[in-house]
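A look at the structure
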Amino acid sequence: MTPRLELRHICKRYPGVIANDDVSLSVMPGEIHAVLGENGAGKSTLMKIIYGAIRADEGEMVFDGNPIASHGPSISRALGIEMVYQHFALFESISVVENIALSVSGKFDLTALANRVRDVSIKYGLPIDPHRFVCNLSVGERQRVEIVRCLLQMPKLLILDEPTSVLAPQAVTKLFETLRQLAAEGCSILYISHKLDEVQVLCDSATVLRNGLITGTAKPKQSTPIELARMMVGADLPETHLDPSTTSDTPFLNVDHLTAPSDDPFGVSLNDVLLSVFGGEVVGIAGISGNGQAELISFLSGEVLFKGADTITLDGKDVGQLDAGHRRERGLAFVPEERLGRGAVPPHHLSDNAMLTGHRLGMVKHWMIQRGKANDFAAQIIRKFNVKTTGYESAANSLSGGNLQKFIVGREIELGPKVLIISQPTWGVDVGAAAFIRQALIDLSRTGAAVLIISEELDELFEVCDRLHVICQGQLSKSLDRKNTNVEEVGLLMTGLKSNPNSNIGEAV
Amino acid sequence: MRFQIERRVEPSSFMRFAAPVYATFSTLVVGSIMFALLGHNPADTLFAFFITPLMTINGISEWLLKASPLILIGCGLAIGFRANVWNIGAEGQLVIGAVCASGVGLFYPDPESALLLPLMVIAGMAGGMAWAAIPAFLRARMNTNEILVTLMMTYIATLLLSLLVHGPWRDPDGYNYPQTALLPDAALFELFDPMYRLNTSIFITIVAVFAMWFFTERSFFGYKMSVGGAAPLAARYAGFKQSGSIWMGLLISGGVAGIAGMAEAAGPLGQLSAQISPGYGFAAIIVAFIGRLHAVGIVLGGLLLSLLYLGGEAVQLSLGLPSALTSIFQGMLLFFLLASDFLIFYRFTPFPKPIKSGVT
C-alpha cells in the first residue's frame, strides 16, 4: 500500500536554532501517528511544513505517491490535508457557521452549510450548534468548531497540534472516540503531543523528536511510558519529593467571600470565592483556562484594584486596596504566566530585570540605582537556579522560555516571600527545568512560606500540592486534600459536571 | 538572487549605531537627486549646504546657537519618549516659556536687577511645565491621547503669542511689527564675543545633557519610566505607577522646552516676536529619535539638524533654492532613520531553495 504521506530528509533552520534536522517519516492511510516531543523539539515546525504554512530548507514530501513540488496551504487543502492549530483561528463576534463559511470554497449558502455542519457534528460525536456565537463557546467547543471545519473538507490527512492541552479529561476521551472513527474511515491522523499516556491510548505508531532530530520510532501500545520518555527527554524523568509539612496557625493569604462581576463581556465574573493559604503548604487551583483564573490572580497580585476586593488579607492585614508594589512590601511575590512583557521586560538585560521586583533589597539608595547590587542579585539568581545564559547582561528576550521562567521564579523566591503566587509555573518549560521549578516551589513552602499555584496541568498539581481547589466559571470549589481526591474528581469539577456537596459549583451550572 | 527578511535572534547593536549613518547617507543621496532635478550640480550644492556654513567662525557660532535649543528640548523629550509618553507639543511649551519669561523681562520693576535673568529662566520653565501639565492631567486622569492634546495645545500657544505681540504687548515704537519692546540688558544672556550671537545659555544645554544622562542611566525613577515604556504590563506587575511616568515625562520635557523658548527671547532675538522659533520644538522630536533617545546621540542629532537649518538658509541665499528644502531634509532624515531601524531587528538572507521535486 502507498503511504498517505512520506517525508524525506526535511530540514528547517532558523537563526540560532535547527528546528528540524533530517526528519523522515511515513504515515499510512487510516493510521494514527503520534509525533512526540518536548516543547521546542520541532514538532509544530514540522507540522507547519507538512501543511505548507512554512517552507522547508531541504527535503521532499510525497503525498499518496505524488511528490509535492511547490507547497502552500491552498495546495494542502486541495490534496486533503487539514490542520487544527493549537491556537484557534476563529472570529469571536460571528457565529459558528459564518466562521466556517469563511474557509469553505464554493457557493455561499449559510442555510445549507449550517445543515452540513450539523450533520457532520452529529456523525462524529462533536455536537455543536452552528448558529451560536463563537464568543459564547467554551474552549472545548471552539476546538470542535475547528475540527468540524476540517472534517467538512473530507480530509485524507488531519493534523492536530496538542489538541488536548485545553480539554478536561472527559472531553479528551470523547475527542479520541471521534479520532478513532475518522481513522477507521481511512483518514490518516498526525497527532502532536508531549503527553505519553494519551499517545499510548490513541496512537498506532509514534515518531519521537528531540532538538529537531528523530530520536526514535515506536509502537506506543507496546512500549512502556519509560521507554518513550527516555526517547523524548534523553534521560530518565527526575522526580520531585513532597515532604510532609507543618502549616502555620493562621493563613498567610486569605480571601473571604470575594465576588467580582466582570465589566468585560468576554471576562469571567468571580462568585463568592473563599480561599486560605497557610504558611508551609502548597495549594493548587486547577481549572481550564478562562474560568476566572486571570481575574482572581490580578486581584490577588494587586495589578487590578477592585472595591469589592477588600476582603483579601495578607498575613492577617487587609491589602485589598493596595497596589502590587505595596503588597510586595508586605511579603507577596508573584510569577505571572506571561513571562515576556509582564514578568520581565523583554529588551532589558537580566540585571535590570532582577531589579524589577528585587529593588527592595537595597538596590536603590537616595533615588539612585546601586548597579553593583543589582548585578550581584542577578548573578545569584542565575547561579542558584541554573539559568542558562551568557550573563546578567543578556537581554531577557534572548533567553529560552524555560530559562527565563527559571530566572523569574528564582527572582521571586530569592525575595524571601511570605506568600508566593505562581501561575502556570511550567508552561512551555522542558521537563528537566519543570521538575527543578516544582521542587523549588515545594522547598520554598517547606521553609514556611505559603505557595499558591494556578495551573492547567493536573499532573503537576497532583505532584506538588498539599491541597487543591478547582475553579470553574468563576466559582472556586471547596478545598480538596490531595490524598483524598483523584484526577477523575478534579476533572469533573473542572468541567462543572459534578457538584461538590460542600461547594456552590453545582448550583451555578 | 532573491532575498527574504528574517528576524534577528538578538537586536544588532552594530546596526543600532549604523542606522543613523545609513539614514544620513540615504538622505544625502536622495537630496542629490533632488538638487539635480532642480538643475543644480549635486556636489556643489551639497558643499554649499553642509560645508560652506561651517567655514567661518560666525558659521560655527550660528551652528551651536541653533543646536543648543534642539539638544535641550531633545533631551527632555527623550525622557518622555522612553516611557511611551509622546509629547509632540514641545513647540507650544517653548512658546509659552518664551511668553512667560519675556513677561518677567519686560515688566519686572527693576530692569537692572541681577535677579532678572534667573527669574526669567524660572518663569520660562514654569510656563512650559504648566502648558505640559494640562495634557499630563488629561492623560493621567481621563486617559486622553497626549499626542493629540499636546499638538493642539501648540496651536493655542502660537495664537496666544500672536495675540500678545499684535495686541497688548506690541512695542508702541515698533513700526507695527508684531513684536515687543527690546528686553533690558540685564534680561539677556551674555555673548561670548560681541561679533557673534552665541551666548552663555549654551551652558544650560550642557548641564541638561549630563542631567539627562544621569536621570536615564542612574536614577531609579528613570529606570521605572523605561520599564513603563518598554513593557507597561511589567510596570503594573512591579507596582510602578504609570501616572508618575506621565507627569514626569511631560513636566520635564515641557520645562526644558520652556527654558529653550526663554533662551531664544533672551538670546538671539532679544525680544518676544511672533516668530519665536523656526520649529525647534518639532525638529527636536527628530533629534531625540536620531539620537536613539540617548544623551550623546541627541547631541550629535542636534548638531546635524542645526546644520540642516543653516545649510537650508545658505543655499537659499547663495543658490536661490526654496526654503522648503530644510523641511524636506528633516523629513527625509526621519523617514530614512525609521526605515533603517528595521535592520536592527531584521536582516536579509538569501531565499531558501524550494523543496526538490521528483521522486528519487
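Up top is the structure these notes are about.
Residues numbered from 1 in each chain as written. Chains lettered and ligands numbered in written order. Predicted model: local features only at pLDDT ≥ 70, side-chain atom pairs only at ≥ 80, totals over all residues. Heavy atoms only, no water.

1. So, the interface of chain B and chain A
Across the boundary between the two partners, chain B contributes 32 residues, which contact 43 residues of chain A. For the pair chain B and chain A, the two sides together bury roughly 3100 Å², of which 62% comes from carbon and sulfur. In this assembly, chain B and chain A are joined by one salt bridge. Residue Lys241(B) is joined to Asp323(A) by a salt bridge in which the shortest nitrogen-to-oxygen separation is 3.1 Å. (Contact = heavy atoms within 4.5 Å. Buried area = accessible area lost by both parts, 1.4 Å probe. Salt bridge = Lys/Arg side-chain N within 4 Å of Asp/Glu carboxyl O.)

2. Looking at the nonpolar core
Counting residues in each nonpolar core, the largest one holds 89 residues, and the members touching the most others are Leu253(A), Leu356(A), Ile421(A), Leu452(A) and Val490(A). Broken down by element, the residue count for this core peaks at seven residues, all from helix 14 (residues 431-446) of chain A. Setting aside residues no more than four positions away along its own chain, Ile421(A) makes contact with Leu253(A), Leu300(A), Leu332(A), Ala333(A), Phe334(A), Val335(A), Leu452(A) and Ile454(A). Counting residues in each nonpolar core, the second largest holds 87 residues, with Ala90(B), Leu161(B), Leu250(B) and Leu272(B) among its members. (Core = buried A, V, L, I, M, F, W, Y, C linked by side-chain atoms within 4.5 Å. Buried < 20%, exposed > 50% of the residue type's maximum accessible area, 1.4 Å probe, protein only. Helix = DSSP H or I, 4+ residues; strand = E, 2+ residues; numbered from the N terminus.)

3. A few points about helix 12 (residues 295-319) of chain B
If you check helix 12 of chain B, its first and last C-alpha atoms are 35 Å apart, about what 25 residues at 1.5 Å a residue would give, namely 36 Å. Gly320(B) lies just past helix 12 of chain B and shows a positive phi near 70 degrees. (Expected span 1.5 Å × (residues − 1).)

4. Section: the environment of Asp57(A)
Secondary-structure assignment places Asp57(A) in the loop between helix 1 (43-51) and strand 4 (58-63). A polar contact of 2.7 Å, which involves the side chain of Asp57(A), links it to the backbone nitrogen of Arg13(A). (Polar contact = N/O pair within 3.5 Å; in protein donor to acceptor, adjacent residues only side chain to side chain.)

5. Notes on the packing of aromatic side chains
Counted by the stated rule, this structure contains 22 aromatic pairs over all chains. Seen in terms of ring centroids, Phe334(A) and Tyr237(B) are 5.6 Å apart; in terms of plane orientation they differ by 50 degrees. Their pairing is tilted. Residue Phe334(A) is located in strand 16 (residues 332-335), and its partner Tyr237(B) is located in helix 9 (residues 232-238); the two belong to separate chains. Here Phe334(A) matches Tyr237(B) in class, with each residue buried. Aromatic side chains Phe220(B) and Tyr223(B) sit 5.9 Å apart centroid to centroid with 20 degrees between the ring planes, which places their arrangement in the stacked category. Placement of the pair is Phe220(B) and Tyr223(B) together in helix 8 (residues 220-230), with a separation of three residues, close to one helical turn. Taken together, the ring pairs in this structure connect Phe35(B), Phe49(B), Phe50(B) and Phe329(B) into an aromatic cluster. (Phe/Tyr/Trp six-rings, centres within 6.5 Å; stacked < 30°, edge-to-face > 60°.)

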